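Observations on the three-dimensional arrangement
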Amino acid sequence: MTYETSETSAVPVTGGPAAPVRHRLSWNKVPEITVYFWIIKVLCTTVGETAADLLNEKAGLGLTGVSVLMSALLAVVLVVQFRTRAYRAGVYWLAVALISVVGTLISDNLTDNMGVPLETSTTVFAIVLAVVFAVWYRRERTLSIHSIDTTGRESFYWLAVLFTFALGTAAGDLVSERMDLGYWLSAVLFALAIAAVAVAHFTLGLDAVWSFWIAYILTRPLGASIGDYLSQPTGDGGLGLGTVITSALFLGVILGLVMYLGVTRKDVTEPERAA
């Protein structure tokens, strides 16, 4: 799942209205889908799991305090992201890392503070995400991330990203609890699910846009399972590294990769003529 086929167009789809022509930037605001993208995405989901646990348990802020703090930080970073005129690796991946934490906290608050069953939260997040995609497509006539070049499209993009993290958290917790596989086997299960999506895309012709978003959702529980396996005590089935070491380790790798991409620009979409 490296490329998407949907293109931006103002030509009306048969039976539907034409997408309104808006001011467009000449640069896409999100990175190309390369192997670096998927590696950093999984690392960010791992950090989202371990950092949320770290702040909740070690800092003593509680779910509510952590949620307020991380939501405020995310809001600031998103303002910076929206104000940039083109994709900037550092700003973009900082937003992804923070939104992974906030998405995790949304699901955890519903489950732990409000007592909402995982079956219910998983269903609700799936419906909300479907609504976001439906409105996004209705308004823009595309869900392709190769054309995130207007404020409206970028707004839909980040809203979708937020709910993929929330859905991935709830669905991952639901599968882990119901199947009781443990952290390592859970990671293998979700990795196999992602591999199945890749096979369906490359050999069976599954639409590239949907392949991307399905894999994007599945990387959340994959990263969480890896993070839990590394950080949780050995008595609970983990390696016992702890949330501090695990978070620092993955943040270091993310920082190194983002700096590399910032210098080499290997994930920058070539500019297109503004419409």
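Residues numbered from 1 in each chain as written. Predicted model: local features only at pLDDT ≥ 70, side-chain atom pairs only at ≥ 80, totals over all residues. Heavy atoms only, no water.

1. Side note on the overall build of the protein chain
Basically, it comes down to this: What counts as a helix is a DSSP run of H or I of at least four residues, what counts as a strand is a run of E of at least two, and both are numbered from the N terminus. Categorising residues by exposure relies on relative accessible area from a 1.4 Å probe, with only protein chains included: less than 20% of the type maximum marks a residue as buried, more than 50% marks it as exposed, and the intermediate range marks it as partly exposed. Should any heavy atoms of two residues lie within 4.5 Å, those residues are considered in contact. Residue burial considers only the protein chains on display, and all accessible areas are found by Shrake-Rupley using a 1.4 Å probe.
Within the protein chain one finds 8 helices and 0 strands. Reading the helices (α) and strands (β) of the protein chain from amino to carboxyl end gives α-α-α-α-α-α-α-α. Expressed as a percentage of the 275 residues in the protein chain, the buried residues total 48%. The long-range fraction of contacts in the protein chain, counting pairs at least 24 apart against all pairs at least 6 apart in sequence, stands at 78%. Of the roughly 12,700 Å² that the protein chain leaves accessible, carbon and sulfur atoms contribute 67%.

2. Overview of unusual backbone geometry
The backbone of Arg 141 shows a phi angle near 65 degrees, a positive value even though the residue is not glycine. Judged by relative accessible area, Arg 141 falls into the buried class, the value being 14%. Even without glycine at this site, Arg 265 takes up a positive phi of about 55 degrees. Within the fold, Arg 265 resides in the segment after helix 8 (242-264). The exposure class of Arg 265 is partly exposed, given its relative accessible area of 42%.

3. Here's the deal with the packing of aromatic side chains
Put simply, the rule is: Here a pair means two rings of Phe, Tyr or Trp (six-membered ring of Trp) with centres within 6.5 Å. Their orientation is stacked below 30 degrees between planes, edge-to-face above 60, and tilted elsewhere. We call a charge positioned above a ring when the Lys NZ or Arg CZ atom is no farther than 6 Å from the ring centre and deviates by at most 35 degrees from the ring normal.
For the structure on display, the rule yields 23 aromatic pairs. Taking 5.6 Å as the distance between ring centres and 50 degrees as the angle between the ring planes, the aromatic pair formed by Trp 38 and Phe 212 counts as tilted. Of this pair, Trp 38 sits in helix 1 (residues 35-57) while Phe 212 sits in helix 7 (residues 208-231); the two residues are 174 residues apart in sequence, bridging distant segments of the chain. Judged by relative accessible area, Phe 212 falls into the buried class, the value being 1%. Ring geometry for Phe 212 and Trp 213: centres 5.0 Å apart, planes at 75 degrees, overall edge-to-face. Since its relative accessible area comes to 1%, Trp 213 is described here as buried. Lying over the aromatic face of Tyr 216, Lys 41 brings its terminal NZ or CZ to 4.2 Å of the ring centre.

4. Here we look at the confidence of the model for the protein chain
Convention followed: A residue's pLDDT is simply how confident the predictor is in it, with values from 0 to 100.
For the protein chain, the average pLDDT comes to 83, and 87% of its residues sit at 70 or higher. When pLDDT is averaged over each element of the protein chain, helix 4 (residues 118-140) comes out on top at 94 and helix 1 at the bottom at 83. Counted against residues more than four places away or in other chains, residues 1-23, with its pLDDT under 50, gives 51 contacts.

5. Side note on the UniProt feature "transmembrane region" (unreviewed entry) in the protein chain
Definition in use: UniProt positions are given in the numbering used here, feature names are shortened, and annotations may be inferred rather than shown by experiment.
Per the UniProt record, "transmembrane region" (unreviewed entry) is annotated on residues 59-82, 89-106, 118-136, 156-175, 181-202, 209-227 and 239-263. Secondary structure content for residues 239-263 is 88% helix and 0% strand, while the C-alpha to C-alpha distance between its ends is 35 Å.

6. Structural notes on the packing of helix 3 (residues 89-113) against helix 5 (residues 151-179)
Axis angle and axis distance: for two packed helices, these are the angle between their axes and the distance between the axes, and together they describe the pair. The test is simple: Axis lines are fitted through C-alpha atoms, for helices just across the contact stretch, and the angle between N-to-C directions can take any value from 0 to 180 degrees. Here the word oblique covers every angle except those under 35 degrees (roughly parallel), over 145 (roughly antiparallel) and from 65 to 115 (roughly perpendicular). Should the near helix be turned anticlockwise from the far one by less than a right angle, the crossing is left-handed, and should it be turned clockwise, the crossing is right-handed. Note on residue categories: nonpolar means Ala, Val, Leu, Ile, Met, Phe, Trp, Tyr, Cys or Pro, charged means Asp, Glu, Lys or Arg, and polar means any other residue, Gly included.
Put simply, helix 3 and helix 5 touch, their axes get as near as 8 Å, and they point 45 degrees apart. As judged from the angle between their axes, helix 3 and helix 5 are oblique. Judged by the twist between their axes, the crossing of helix 3 over helix 5 is right-handed. Residues Tyr 92, Ala 95, Val 96, Ile 99, Ser 100, Val 102, Gly 103, Thr 104, Ile 106, Ser 107 and Asp 108 of helix 3 form the contact with helix 5, whose participating residues are Tyr 157, Trp 158, Val 161, Leu 162, Phe 165, Ala 166, Thr 169, Ala 170 and Asp 173. Of the residues assigned to the contact of helix 3 with helix 5, the class counts are 13 nonpolar, 5 polar and 2 charged.

7. A short note on the pattern of salt bridges
Opposite charge on two side chains allows them to pair when their charged atoms are near. Basically, it comes down to this: Here a salt bridge means any side-chain nitrogen of Lys or Arg lying within 4 Å of a carboxyl oxygen belonging to Asp or Glu.
Enumeration according to the criterion identifies 4 salt bridges in this entry. Between Arg 153 and Glu 140 there is a salt bridge, with its nearest N and O atoms 2.9 Å apart. Taken as a pair, Arg 153 in helix 5 and Glu 140 in helix 4 lie far apart in primary sequence, 13 residues in all. Of the two residues, Arg 153 and Glu 140, neither departs from the other in class, the shared state being buried. Between Asp 149 and Arg 153 there is a salt bridge whose closest N-O contact spans 3.2 Å. Asp 149 sits in the buried class, given a relative accessible area of 4%. Residue class for Arg 153 comes out buried when judged on its relative accessible area of 5%. The network of salt bridges with shared partners includes Arg 139, Glu 140, Asp 149 and Arg 153.

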